[in-house]
Amino acid sequence: MSQNAEQIVQAFLGEMGTRKGLISSIENHCADRCSWSNTGLPTADNKAAMIATMQSFIDGFQLDRMVVEFVAIAANGNTVLTERIDHLERADGSKILSLPVSGTLEIADGKVVRWSDYFDPRPFLPG
């Protein structure tokens, strides 16, 4: 493997900060069998389900990109733990919200095979 697990996670989450990167990051960095779980939401059990879930966020929130600010990142073998602030932005650059997130990502054969994010979902609830 030319990149270590931490570098793969940084590339994966970093690509989400670019235009069209929310979908392309999943296409480029996730294995077909990857699963993605978010606090309080159903788990997306494969790459196609992950793309559909991300598209629902894009459509539902007018989400264009997610700029990730790493607070801490640590790897133990192929498991990477992240503490970060995800800045969700629209196409015009306006901020939807900034969300503190802790995540666990597992890497196999250079691809993300598990992505679990833990956060307070209250900012997404109606006021």
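The notes below deal with the structure included here. Numbers given for residues are sequential positions, taken from 1 along each chain in its written order. Where totals are concerned, whole chains, interfaces and linings use all residues; where local detail is concerned, this predicted model gives features only for residues with pLDDT of at least 70, and gives and counts side-chain atom pairs only at 80 or more. Computation of side-chain values covers all heavy atoms of the structure but excludes hydrogens and water.

The next thing to look at is the side chain of E15. Segments assigned H or I by DSSP are reported as helices when at least four residues long, segments assigned E as strands when at least two residues long, and all are numbered from the N terminus. If you trace the backbone, E15 turns up in helix α1 (residues 5-15). K111 provides the closest opposite charge to the buried, unpaired E15, separated from it by 9.1 Å. Pairs of N or O atoms are called polar contacts if they sit within 3.5 Å, as long as, within protein, a hydrogen donor faces a hydrogen acceptor (for residues adjacent in sequence, only side-chain-to-side-chain pairs). At a separation of 3.3 Å, a polar atom in the side chain of E15 contacts the main-chain amide nitrogen of S25. Any two residues having at least one pair of non-hydrogen atoms within 4.5 Å are treated as being in contact. Setting aside its immediate chain neighbours within four residues, E15 contacts G21, S24, S25, N28 and H29. Residue burial is assigned from relative accessible area. The probe radius is 1.4 Å, only protein chains are included, and a residue is buried under 20% of its type maximum, exposed over 50%, and partly exposed in between. Two residue types count as positive, namely Lys and Arg, and two as negative, namely Asp and Glu; His and chain ends fall outside the count. Any Lys or Arg side-chain nitrogen found within 4 Å of a carboxyl oxygen on Asp or Glu counts as a salt bridge.

Moving on, we come to the sheet that holds strand β4 (residues 95-108). Here a strand pair is declared whenever DSSP counts at least two bridges between the two strands. Reading across the sheet, the five strands line up as β1-β5-β4-β3-β2 and stay open at both edges, with mixed pairing between neighbours. Two strands in the sheet have a free side with no partner beyond their single neighbour: β1 (30-38) and β2 (65-76). Here the average twist between neighbouring strands, direction ignored, is 20°. In this structure, β2 lies alongside strand β3 (residues 79-89), joined through eleven bridges in antiparallel fashion. Only C-alpha atoms enter the line fits that serve as axes; for helices the fit covers just the stretch in contact. Angles between N-to-C directions range over 0 to 180 degrees.

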